[in-house]
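Chains, contacts and geometry: an overview
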Protein chains: 2
Amino acid sequence: MHRHRSNLGTLLHHVHVAGPLSRAALADRMGVNRSTILALTTELAAAGLVCEQPPTGTSGAGRPSLVVRPAPGVFVLAFDVAVDRLTAARVGLGGPVLSRLTAPRPRAGVDLDTVVARLAAMGRELLDAAPAGATCVGVGAAYCGMIRPGDGMVRYGPDLGWVDQAFGRELARALGAGLPVAVGNEAHLGAIAEFERGAGVGCPDLIYLHGDVGVGGGILVGGKLLGGESGYGCEVGHMLVNPVGGRPCLCGSHGCLEAETGEYALLAAAGRPPGPIGREAIRAVVDDPSAAGAVAEIGDWLGVGVASLINLFNPGVVIFGGMLRDLYPAAAPQVAARIAEHAMPVSRERAVLRLSALADDATLLGAAELAFGPLLADPLHR
Amino acid sequence: MHRHRSNLGTLLHHVHVAGPLSRAALADRMGVNRSTILALTTELAAAGLVCEQPPTGTSGAGRPSLVVRPAPGVFVLAFDVAVDRLTAARVGLGGPVLSRLTAPRPRAGVDLDTVVARLAAMGRELLDAAPAGATCVGVGAAYCGMIRPGDGMVRYGPDLGWVDQAFGRELARALGAGLPVAVGNEAHLGAIAEFERGAGVGCPDLIYLHGDVGVGGGILVGGKLLGGESGYGCEVGHMLVNPVGGRPCLCGSHGCLEAETGEYALLAAAGRPPGPIGREAIRAVVDDPSAAGAVAEIGDWLGVGVASLINLFNPGVVIFGGMLRDLYPAAAPQVAARIAEHAMPVSRERAVLRLSALADDATLLGAAELAFGPLLADPLHR
């Protein structure tokens, strides 16, 4: 029975990640016979989780083989609390963003109650607008801070100044949908999303770096998120790259990777005022030829960090997300030079550097993956 | 059948790691009933892998309950190629070092053939002296370099100047015992041994730092060694702690953790000639009050490295092994200060710092664990 339940989840995960698959393809991927696939599919279809349809673009004689695809009415609610915006979305089984609402995040007045009320209103609006018959199977949220697994407590969120705020519990209460809210660190969730359906597909040893005001990290080791003793692993942004005389960091230390490569560092290196930050300010610096020296300086520190990470993790891929999608292409020569100088040849021989494929949706889609977790683990008894 | 095989291995692993256990204790640990334990024990005893005996120290009336313990005749051959010595040992199921041979490692003339011939001679001597009826079930070796999983190729061993040397294959051939030789990085193996039976028991998120000329690292994430894409993860010694103007490293880079905290760095900081290194030289510096400044300087860099590792891995325990067993107690104030300064409070709140419990045997016992691996995975069909 346990095997059967696990097979149900595995099949559902395959169509969730890979899209429509024939029964033959499913049998092949799962290493079971077609009659098992038929039984599993029948059960999942009866539960409204998958449907079987002719493949698109079929032509020619004979009855086309049916494909199994995610049922269109199954969705989760995903939230993303980013540095400059709040996002809520309905994300369908299979990964499509079905509808979304985005609001600029106020720079001040960002206490727990305010943020939760704003998000809950967005979430309810999306739920109310969902088609009749559609089912919300979970809720997930990405947050730029250190999150306690299990209850979604924000232990430390320097950007909003949150310490030990019961974000997950309060958002669930305010939403009032009768569902718990699973919360994860945004970079952790970005790593998972890139692995499932982005630039890291097929790379179970993956490092995802998410830049904004800070630099977050999500690291997969053998396909699993590096959680550590209590779930607070992957604080890549606070790896020291310049402990002697480095720039002060929001965390109270100095010389952290995020202090040397985050938005404040780039603007300061370029001689810009520390005023409005965000993607536009970053792009303005990256696109300004007179700021090339600043970009190179930041790129050097980024390269130092990436070289250390390659030595520590022997990753298959390092993925640049968030504002690092803008910075990395401009700083790639410095990053490459530092890797050549500091990363062990054996450690770096198979490491590839890539931009995020999911772009601004990486963290949101990671929150959706978190929300789909219980369904995929046990489709009929979640 | 697969479940049964897995249960046989699990039972054998329990008595291997925990020592003699009653059937009731085994049933409890494995979550199966006593009749299953009886069947498994009978099968393992018939294969000569365990025996049942009255517990020691039993007194009083009634028949004492039997305990299951590792059979005394089952052993592996374990080798350790350290910076200053070569060791070969017979290690019994359950972990006891039954007999050992140690030779100083020559500083020059350390080509593959010479080292392999020396180790093979030591190994054959131990095998020849084994009691009649004793069985060698595997061979493992710890080596201070980057090892390719699968075939024991030394990809990079800077201390001996080895690059792509077929150490595992050649040692197996020279030993002529009809057994393959499993090779692992010494710090990786030290981490595993400390987790199984040392300072890291019960801590699946563990960092083991092994100091000698270099600084090696073994990191367990969720109880598994961090291997990375190709098995070369955990190169903690080449995490950059001082990229600007740091000391040159044997790897060709500079400012690596091992360049700032290894034996050469300590001797240089203390104004000692870079001549004979090894444990005695380290202890002489640590015990010399006039070298306190040098110890503090090295301790600061060690603390920078440990702080970054705590932020990255959120470990339950950080274990100091090799020559760091001598250095760390003297440098603990600096390490603690750097952790307080640079490690995130949430990341460090449950991290404990400890000395290796297995001391000079950590890497050797790790090699033995590697050698026991196939037996424990499938006791009857290895």
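Residues numbered from 1 in each chain as written. Chains lettered and ligands numbered in written order. Predicted model: local features only at pLDDT ≥ 70, side-chain atom pairs only at ≥ 80, totals over all residues. Heavy atoms only, no water.

**Some thoughts on the pairing of strand β13 (residues 215-221) of chain A**
Residue and element names in this part refer to chain A. Within β13, seven of the seven residues are buried, which leaves the element mostly enclosed by the surrounding structure. Judged from the six bridges that link them, strand β12 (residues 206-211) and β13 form a sheet pairing that is antiparallel. Residue L209 lies in a different strand from β13, and its bridge partner there is G217. In this antiparallel pair of consecutive strands, β12 and β13, the connection spans three residues. In the sheet, β13 pairs with strand β14 (residues 224-225) via two bridges, with the strands oriented antiparallel. What sits directly across from L220, in β14, is L225. Taken together, β13 and the strand that follows it, β14, pair antiparallel across an intervening segment of two residues, in which G222 is found at a positive phi of about 60 degrees. (Buried < 20%, exposed > 50% of the residue type's maximum accessible area, 1.4 Å probe, protein only. Helix = DSSP H or I, 4+ residues; strand = E, 2+ residues; numbered from the N terminus. Pairing = 2+ DSSP bridges.)

**Let's talk about the sheet that holds strand β8 (residues 146-148) of chain A**
Hydrogen bonds between backbone atoms are what pair the strands of a sheet, whose relative direction is either parallel or antiparallel. All names here are of chain A. If you walk across this open sheet you meet the three strands as β8-β9-β10, and the pairing is antiparallel. Where the open sheet ends on each side, the last strands, each with one partner, are β8 and β10 (162-165). Looking at each pair of strands side by side, their axes are set apart by 20 degrees on average, direction ignored. (Axes fitted to C-alpha atoms, helices over the stretch in contact; angles between N-to-C directions.)

**Concerning the interface of chain B and chain A**
Facing 45 residues of chain B, the contacting portion of chain A comprises 45 residues. Around 3800 Å² of area is buried between chain B and chain A when both sides are counted, 62% of it from carbon and sulfur atoms. Where chain B meets chain A, there are four salt bridges. Salt-bridge contacts for A:R155 lead to B:E349; the nearest nitrogen and oxygen are separated by 2.8 Å. Joining chain B to chain A, the criterion identifies 22 residue pairs in polar contact (both at pLDDT 80 or more). Among the elements of the structure, β9 (153-157), α10 (292-313), α11 (324-342) and α12 (345-348) of chain B are those that each provide at least two residues to the side of chain B that touches chain A. A per-element tally of the side of chain B that touches chain A places α10(B) first, with eight residues. Partitioned by chemical class, the residues of the side of chain B that touches chain A number 22 nonpolar, 15 polar and eight charged. (Contact = heavy atoms within 4.5 Å. Buried area = accessible area lost by both parts, 1.4 Å probe. Salt bridge = Lys/Arg side-chain N within 4 Å of Asp/Glu carboxyl O. Polar contact = N/O pair within 3.5 Å; in protein donor to acceptor, adjacent residues only side chain to side chain. Nonpolar A, V, L, I, M, F, W, Y, C, P; charged D, E, K, R; others polar.)

**Let's talk about the pattern of salt bridges**
Tallying each qualifying case throughout the model produces 44 salt bridges over all chains. A salt bridge links A:D378 to A:R5, with the shortest nitrogen-to-oxygen separation between them at 3.7 Å. Of this pair, A:D378 sits in the segment after α13 (362-377) while A:R5 is found in helix α1 (residues 2-18), placing the two residues 373 residues apart along the sequence. Of the charged contacts, one joins A:R350 and B:E229 as a salt bridge, the two residues approaching to 3.1 Å between their closest N and O atoms.

**Here's the deal with the packing of α1(A) against α13(A)**
Residues and elements named next belong to chain A. Contact geometry for α1 and α13: axes closest at 8 Å, N-to-C directions at 140 degrees. On α13, the residues that touch R5, G9, L12, H13 and H16 of α1 are E369, F372, L375, L376 and A377. Among the residues making up the contact of α1 with α13, the classes are represented as five nonpolar, three polar and two charged.

**What to know about the environment of B:E349**
Take B:E349: it is sitting in the loop between α12 and β16 (352-355). Each C-alpha atom of the pair B:E349 and B:N314 lies 9.0 Å from the other, and the pair is 35 residues apart in sequence. Non-local contacts of B:E349, meaning those with residues more than four positions away in its chain, are made with A:R155 and A:Y232. There is a polar contact of 2.8 Å between the side chain of B:E349 and the side chain of A:R155.

**Some points on the domain arrangement of chain A**
Interface size is commonly expressed as the accessible surface area that is lost when the partners come together. Here the domain parsing of chain A yields domain 1 (2-55 + 65-70), domain 2 (74-189 + 362-377) and domain 3 (201-357). Averaged C-alpha coordinates put domain 1 of chain A and domain 3 of chain A at centres separated by 39 Å. (Domains from an automatic or database assignment.)

**Here's the deal with the relation of the copies chain B and chain A**
Expressed as a screw transformation, the operator carrying chain B onto chain A has a rotation angle of 180 degrees and an axial translation of 0.0 Å, and the superposed copies differ by an RMSD of 0.0 Å. What we have between these two chains is a two-fold relation. Comparing interface residues between copies, 100% of those in chain B also sit at the interface in chain A, which points to an isologous, same-surface contact. (Least-squares fit on C-alpha atoms with pLDDT ≥ 70 in both.)

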